[in-house]
Structure formats: structure tokens, C-alpha cells
Amino acid sequence: MLSTRDAFRRFWPYTRGLRRWLVVGALLLILSAACEVVAIWLFGDITDHVLAAKNLHAFWTPAAIWLELAVLTGVATFGGSYLTTLVGERFLLRLRDSVFAHVQGLSPDFLDNRRLGDLMVRLTGDIEAIEQFVASGVIQTVTAAVSAVIFAAAALYVRWDLALVSFAVAPLFWVAMRNFTSRFRDAAVRERESSGAITSVVEETLSNQALVQAYNRQRAEQRRLHREGLSWLEAKMAETRLAALYEPLVQVIETVCVLVVLGFGAWELTNDRVTLGGLLSFAAYLGYLYPPIQSLGQVNLIASEATASAERIVELVEARPAVVNRPAARTRAARRGRVAFDDVTFSYPGSERPAVEGLSFRAGPEELVLLTGPSGSGKSTITKLLLRFYDPQAGRVRLDGVDIRELSLATLRDTVTLLQQETMLFPGTVRDNIAYARPDATDEQIGTAARAADAHDFIIALPEGYDTPVGQRGRLLSGGQRQRIAIARAMLRDAPVLILDEPTTGLDAPTARRVLEPLRRLMAGRTTILITHDLHLAPEADRVITLQPAADVRTVSSDDDPLLARLP
Ligand SMILES: Nc1ncnc2c1ncn2[C@@H]1O[C@H](COP(=O)(O)OP(=O)(O)OP(=O)(O)O)[C@@H](O)[C@H]1O
Ligand SMILES: [Mg+2]
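Analysis parameters
Residues numbered from 1 in each chain as written. Chains lettered and ligands numbered in written order. Predicted model: local features only at pLDDT ≥ 70, side-chain atom pairs only at ≥ 80, totals over all residues. Heavy atoms only, no water. Helix = DSSP H or I, 4+ residues; strand = E, 2+ residues; numbered from the N terminus. Rg over C-alpha atoms; globule rule 2.2 N^0.38 Å. Buried < 20%, exposed > 50% of the residue type's maximum accessible area, 1.4 Å probe, protein only. Contact = heavy atoms within 4.5 Å. Near = heavy atom within 4 Å. Polar contact = N/O pair within 3.5 Å; in protein donor to acceptor, adjacent residues only side chain to side chain. Areas by Shrake-Rupley, 256 points an atom, 1.4 Å probe, with all protein chains shown as cover. Nonpolar A, V, L, I, M, F, W, Y, C, P; charged D, E, K, R; others polar. Axes fitted to C-alpha atoms, helices over the stretch in contact; angles between N-to-C directions. Parallel < 35°, antiparallel > 145°, perpendicular 65-115°, else oblique. Left-handed = near helix turned anticlockwise from the far one by under 90°. Domains from an automatic or database assignment. Buried area = accessible area lost by both parts, 1.4 Å probe. Salt bridge = Lys/Arg side-chain N within 4 Å of Asp/Glu carboxyl O. Donors = N, O, S within 2.8 Å, 3.2 Å for Na, K, Ca; no water. Pairing = 2+ DSSP bridges. Expected span 1.5 Å × (residues − 1). Bend = angle between axes of the 7 residues up to and from the residue. Patch = residues over 30% accessible without salt bridge, like charges linked within 9 Å, V, L, I, M, F, W, Y side chains within 5 Å. Core = buried A, V, L, I, M, F, W, Y, C linked by side-chain atoms within 4.5 Å.

Explain the overall build of the chain to me, please; I cannot follow it from the model alone.
When helices and strands are tallied, the chain shows 18 helices and 10 strands. Computed over its C-alpha atoms, the radius of gyration of the chain comes to 35 Å, more than 25% above the 24 Å expected for a compact globule of 568 residues. Judged by the C-alpha coordinates and their principal axes, the chain covers about 120 × 55 × 50 Å. Within the chain, the proportion of its 568 residues that are buried is 48%. Of all intrachain contacts in the chain linking residues separated by at least 6 positions in sequence, the fraction that spans at least 24 positions is 79%.

In this structure, what is going on with the site of ligand 1? I would like to understand it.
Contacts to ligand 1 come from 15 residues, most closely from Asp109, Ser375, Gly376, Lys379 and Thr381. Here an oxygen atom of ligand 1 sits 2.7 Å away from a polar atom, N or O, in the side chain of Lys379. The fraction of the free accessible surface of ligand 1 (630 Å²) that becomes covered by protein chains is 66%. Counting residues per element, the shell around ligand 1 draws most heavily on helix H12 (residues 379-386), which supplies 4 residues. Looking at the shell around ligand 1 residue by residue, the classes come out as 3 nonpolar, 8 polar and 4 charged.

Can you walk me through the packing of helix H5 (residues 116-134) against helix H11 (residues 276-317) in this structure?
Packed helices, taken two at a time, are described by their axes: the angle between them and the distance between them. Contact geometry of H5 with H11 gives a least axis separation of 8 Å together with a crossing angle of 135°. On the basis of the axis angle, H5 is oblique to H11. For H5 against H11, the interelement crossing comes out left-handed. Across the interface between the two elements, Asp118, Leu119, Val121, Arg122, Asp126, Ile127, Ala129, Ile130, Gln132 and Phe133 from H5 touch Ile302, Ala303, Ala306, Ser309, Ala310, Arg312, Ile313, Glu315 and Leu316 from H11.

What's the story with the domain arrangement of the chain in this structure? I'm lost.
For the chain, the assigned domains are domain 1 (4-317) and domain 2 (339-566). For domain 1 versus domain 2, the distance between C-alpha centres works out to 55 Å. Taken together, the contact between domain 1 and domain 2 spans 5 residues of the former and 6 residues of the latter. Taken together, the two surfaces of domain 1 and domain 2 that pack against each other cover about 400 Å², and 39% of this comes from carbon and sulfur. Among the residues domain 1 hides against domain 2, the three largest losses belong to Pro108, Asp109 and Ser207. Together they make up 77% of the total. Linking domain 1 with domain 2 are 1 salt bridge, by the criterion used here.

When you look at the coordination of the magnesium ion (ligand 2) in this model, what are you seeing that I'm missing?
Perfect tetrahedral coordination of a metal by four donors corresponds to 109.5 degrees between them, and perfect octahedral coordination by six donors corresponds to 90 or 180 degrees. For the magnesium ion (ligand 2), the full set of protein donor atoms is Ser380 (OG) and Gln421 (OE1), at a range of 2.0 to 2.2 Å. In this pair, Ser380 is assigned in helix H12 and Gln421 in the loop between strand S6 (416-419) and helix H14 (430-434), connecting sequence segments 41 residues apart. Accessibility expressed as a relative area gives 23% for Ser380, which makes it partly exposed.

Whenever I open this one, the sheet that holds strand S5 (residues 402-403) confuses me. Can you help?
Within a sheet, neighbouring strands are paired by backbone hydrogen bonds and run either parallel or antiparallel to one another. Here we have 4 strands laid out as an open sheet, ordered S2-S1-S4-S5, and antiparallel in their pairing. A strand with exactly one partner marks an edge of an open sheet, and here the two such strands are strand S2 (356-363) and S5. Sheet topology places strand S1 (residues 339-346) next to S2; 5 bridges connect them, and they run antiparallel. Bridging from a neighbouring strand, Phe341 pairs with Phe361 of S2.

What's the story with the side chain of Ser295 in this structure? I'm lost.
By secondary structure assignment, the location of Ser295 is in helix H11. With a relative accessible area of 15%, Ser295 lands in the buried category. Within the structure, the side chain of Ser295 is placed 3.2 Å from the side chain of Gln140, a separation counted as a polar contact. Not counting residues up to four positions away in its chain, the partners in contact with Ser295 are Gln140 and Ala144.

Before we go on, may I ask you to explain helix H2 (residues 19-52) in this structure?
With 34 residues, H2 extends 48 Å between its outermost C-alpha atoms, agreeing within 8% with the 50 Å of an ideal straight helix rising 1.5 Å per residue. The sharpest bend along H2 reaches about 30° and sits at Ile46. Trailing H2 by a residue or two, Lys54 shows a phi angle of about 50°, which is positive.

Please clarify how a nonpolar patch on the surface should be interpreted in this entry.
On the surface, Phe43, Trp66, Leu276 and Leu280 cluster together into a nonpolar patch covering about 340 Å² of accessible area. Relative to the assigned elements, Trp66 resides in helix H3 (residues 60-105).

Help me out: how do you make sense of unusual backbone geometry in this one?
Outside of glycine, negative phi angles account for most residues, and trans bonds account for most peptide bonds. A positive phi angle is found at Asn216, which is not glycine, with a value near 50°. Mapped onto the elements of the fold, Asn216 is located in the loop between helix H9 (209-214) and helix H10 (218-270).

Explain the nonpolar core here, please?
Burial of nonpolar side chains together is a common tendency in soluble globular proteins. Core analysis: the biggest nonpolar cluster contains 39 residues, and Val430, Ile434 and Ile459 have the highest contact counts within it. Elements represented by at least two residues in this core include exactly strand S3 (368-372), H14, helix H15 (443-452), helix H16 (456-460), helix H17 (479-492), strand S7 (497-501) and helix H18 (509-522). When residues of this core are assigned to their parent elements, the largest contribution, 7 residues, is made by H17. Discounting chain neighbours no more than four positions away, the residues touching Ile459 are Val430, Ile434, Ala450, Gly465 and Tyr466. Formed by 32 residues, the second largest nonpolar core is a distinct cluster that contains Leu18, Leu29, Ile130 and Ala135.

What is the right way to look at the environment of Phe389 in this model?
Among the secondary structure elements, Phe389 is positioned in the loop between H12 and strand S4 (394-399). In this structure the C-alpha to C-alpha distance between Phe389 and Val324, which are 65 residues apart in sequence, comes to 9.6 Å. Sequence-distant contacts of Phe389, that is, excluding residues within four places in its chain, are made with Ser107, Pro108, Ala322, Val323, Lys384 and Arg413.

Got a minute to help me understand the side chain of Thr47 in this structure?
Here Thr47 shows up in helix H2. Setting aside residues no more than four positions away along its own chain, Thr47 makes contact with Ala52, Leu276, Gly277 and Leu280.

Mind showing me how you'd approach the pattern of salt bridges here?
Where charged atoms from two side chains of opposite charge approach closely, those side chains can pair. Tallying each qualifying case throughout the model produces 28 salt bridges. Among the salt bridges present, the one from Glu268 reaches Arg273, with a minimum N-O distance of 2.8 Å.

Structure follows, in C-alpha cells:
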């Protein structure tokens, strides 16, 4: 379990460059507290020398100073609050950017193993909680501590004996606080988890709305959300009970303190050992002393909450991608597009059975290599190995003779274009989606790619042509249309190797043929690996590789093996 101190140390470096402003902000807030001290002293002065003495002459000078102080306090408070917020928001921006960048570097499968909603909460709510603690929290702590010292010093200066009497109660605050924080933290941990679970249920249900409705699962999903909501409610109430108990408790301690001081003061007053103004300003100092002390207690609660969040962020930040760039990775590739799998064996993490075993094949420029095999035989896994989402446990994958582990990830992925099995579209227009890999592509290039993918005709028939929004995950389009947009996107990318995972499943036979034709033409000089169940395309291929689930892999050439012999 992460301690509050470790959590702070862990995230403090993100304030680099902002600390100057943290200091200025805290100084301004301290200045406003100091002004307050003088104002209270002026109030005592006016009580004794103007009100009690009934002397209006003595009023003007302190009144003028008081007014100036009020303006100064206002300016300092404004500056202090402004800077505190600015530093906090900058910190938040930086931390979120950095955690998001890290998460983007993780393997796609890292995310597949997690609930998206929970990750979303980590990148939003949890990061904000850390900000509350590390950036704003520091200012709050420093300001409160210094203000407490200032008001305590002022109280001591006015009447040290009275002050000591009231300070005797101070340890009570600490005892109260210590008792609260650990329980508060437990509640905060549960609250953060429930928060993630709620967002997950909402995300999972809404993104599968059609499935939910088609299978009449609305009530079940509502119950699921209700259950998570209930645990959130319980955690939140536990937090609130603690925080809400804490406040009145502090107030009672405070009242006891004030009453003791007033009683003692009244006795002193009757013996003429203190003036009314002196007593009133002393009481005011005490009144001002408590808020900073309360504020310190509050920071403590915020810190416990933030530590729960920090733990969740640290867990993300410590996750390592399955593959990393080698220190001296090559950033230049030959870009001819010769692909070779040499005796590659790979099992997914935590899986006993290899997904790919002893696989060897070659694909060169101008070639169309067809990969086929039953479902689960490792075809899509090959795309993940070629793009280095994973490294094989044995054997190697080479690109133009170089082990792809020698290449930087960016270079490798620039060389290979992947068309995934599940068509991925972003919410945006048709044009945005085709140009995703090349945002600088001209309309002409986009049109050419769309024509080659046999998509142009249906696109111009859409209500707004290339500017038609595709909706969430492209759901405003048909499956085949989505697929052809994805093909167009892949074609627009100028990479020597193209690997297409089931590009024609959603297409009718004539469209599939039409797509394949320009594909070959476009792939002139490039290497194309086509994963498909559709063996009608086999005659067009230079080589057909049939995968078997685990073990037993056969490599055959379409030249020496009649296609029909392999059809079931
Ligand atoms: N991320 C993963 N973690 C663990 N196992 C996985 C993962 N992805 C796939 N597998 C397993 O690896 C094997 C090969 O999967 P793969 O997706 O490569 O099959 P495929 O040949 O593409 O099948 P299909 O024709 O149905 O698309 C399967 O047994 C699958 O369950
Ligand atoms: Mg597959």
C-alpha cells in the first residue's frame, strides 16, 4: 500500500517549473492573512481609543489604514487564488498528458484485459484528486500553517497567558484528525473503485446498446449499474460521515476554547488587567486561528483520498509495454518490403498453448501471399507479431533481412500497413477516416484510394458525400461500407508491406473481387499478405499458407498443390 508520503514524492516532480508560482501564490495568501492580523489590531485600537473614549478624531487614521489594508488583502487574495488554480490546472494538464502518453505506449492487449470505464476514471477523477493534494494541497498546507503561526503569534503578543490557555486545547484537534484519516482513506479506496465500476457499466452497456435491447437485457444492466451505484453510495456515505463528523467536532472544541478564553477574559476585564478592545481583538485572533487549523485537517483528508487515487495511477504508470524499443534501434529501414517468418513460436502471456508454432514463410515485393486456416489457428496473431505488439518466444520475424526487434517501433509500423479484422472507424467524417493515417492527403488522393477500394460510389451517394459523419465506430454505415472505408484508409498509406486481415468478409463476392483487383494494382512493388477464408482468391495468390490450430503447420505453394485438394 502506498503511503501518503510516497504518493506525494511520486507526483511532486510534476510540479517542476511551476514551483516558483506555487511559492508566489502561497506568499500572496500569507500576505492576505498578515493584513487580516493588522486589521484586527486596528479594530481593537478603534474600540479602545475611539468607541470607548468617545473620540472621533482618533478614528480617521486607523480607518484609512484599514481601508488600504482591505484593498491590499483583496488584491493578494485574488492573486493567490488565481495562481493556486493556475498551478493546479497546469499540474493536472501535465500529469494527464504524461499518463495518457504512457497508456498509449502499452500493448493493445493491456487495454483488452481491463475495463475501459475504469481507465477513463483513472485518467480523469483520479488525476484530479492527485492535483488537489500535490499542487493545491501544498499551497493550502503552507498557507494554513503560516497563517496559524501568524495568528497564534498575534494572540501570544496581545495576551500570552490567555493564548497559552487556549492553545492547550490544540492537541485535541490532532487526536481527532489522526483517528479520522485512516478510516477515511479506506472509504476513499472503495469510492474510487466504485466510481470506475459505474463508468465501466455505463460504457459497456451503452456501447453494446443494440445487443442489450435485442436480448432484453435492459433490466439486468440497470441492476448491474444499481449495484455499483449502491457501493458507491455506501463508500461516499462513509466518507461523508467521517468528514461531516469531523467538522462539528472541531467546532465544539473551538467553542470550548472560546468560552474558556471569554470567561478568563471577563475576569481579567473586571480586574482591569485587559481593555475591552484588547480582549475583543484577542478573541478575533483566536477566531482566525481556527480556520487554518481546520484547513490543515482538511488537507489531511484530501491527502488520504488522493493516496487512494495515486495508487491507481501508479499501477498504470508502472505497467510496462510488452515490447519496447531497443536502445540503439534502427530508425532507417530498407523499405523494400521483404517479410520473413523464421520458425516463429508464440504463446500469449498466461497461455499454455502456443497460438503460433514453428511458423516459417516468406513474402516479397510484388507478391500476394494468402494466409488461411481455421478459426483460432493464429492468423490474426501473425499480424500482431509482424507489427510487434508482441515478440515471439522463439524464432524471429525479419523485414528486409533485419530482425524487426532491431528496428524502432515507429519505423517498423511506418513500413507495414495493417487492416484489422474488426473494422475500426473513429467518430468523424468519411474523409477524416480515410485520411486518418495521412492527415495531409489531398482530396484527389483520398478519392483515388476510395475508388480503388470500391468505396467512392457509395460515398458520393451518402447525404453529405465525403463529409458524412460515420457515427460511433462507424455505425451509421453498413458493415461492408465500413470495411471499404478501412481498405481505402490502408491504401492511402504509402507503406511497402500491407497485411490485410479478412478484408472481404463483409463484402459480397463481386465487390470482394472488385476490391482485390485494384488492390493488386496498387500493391505493385509492395508486399501483400492477405488473411482470408475465401479460397476463391487463391488462384490470384503467389503462395498460399495454411495454418493449423497449434502445431502442424504446412507451407504450400499454389503452383504445386491444386487448390481444390485442400478445400474441405
Ligand atoms: N490477446 C489474447 N490473449 C490470449 N489469447 C489470445 C489472444 N488473442 C488470441 N488468442 C488466442 O490465440 C489463438 C489464435 O487467435 P487468432 O486471433 O490469431 O486466430 P485467427 O486465426 O485469427 O482466428 P479467426 O479466423 O477466427 O480470426 C486463439 O486460440 C485465441 O483464443
Ligand atoms: Mg483472426
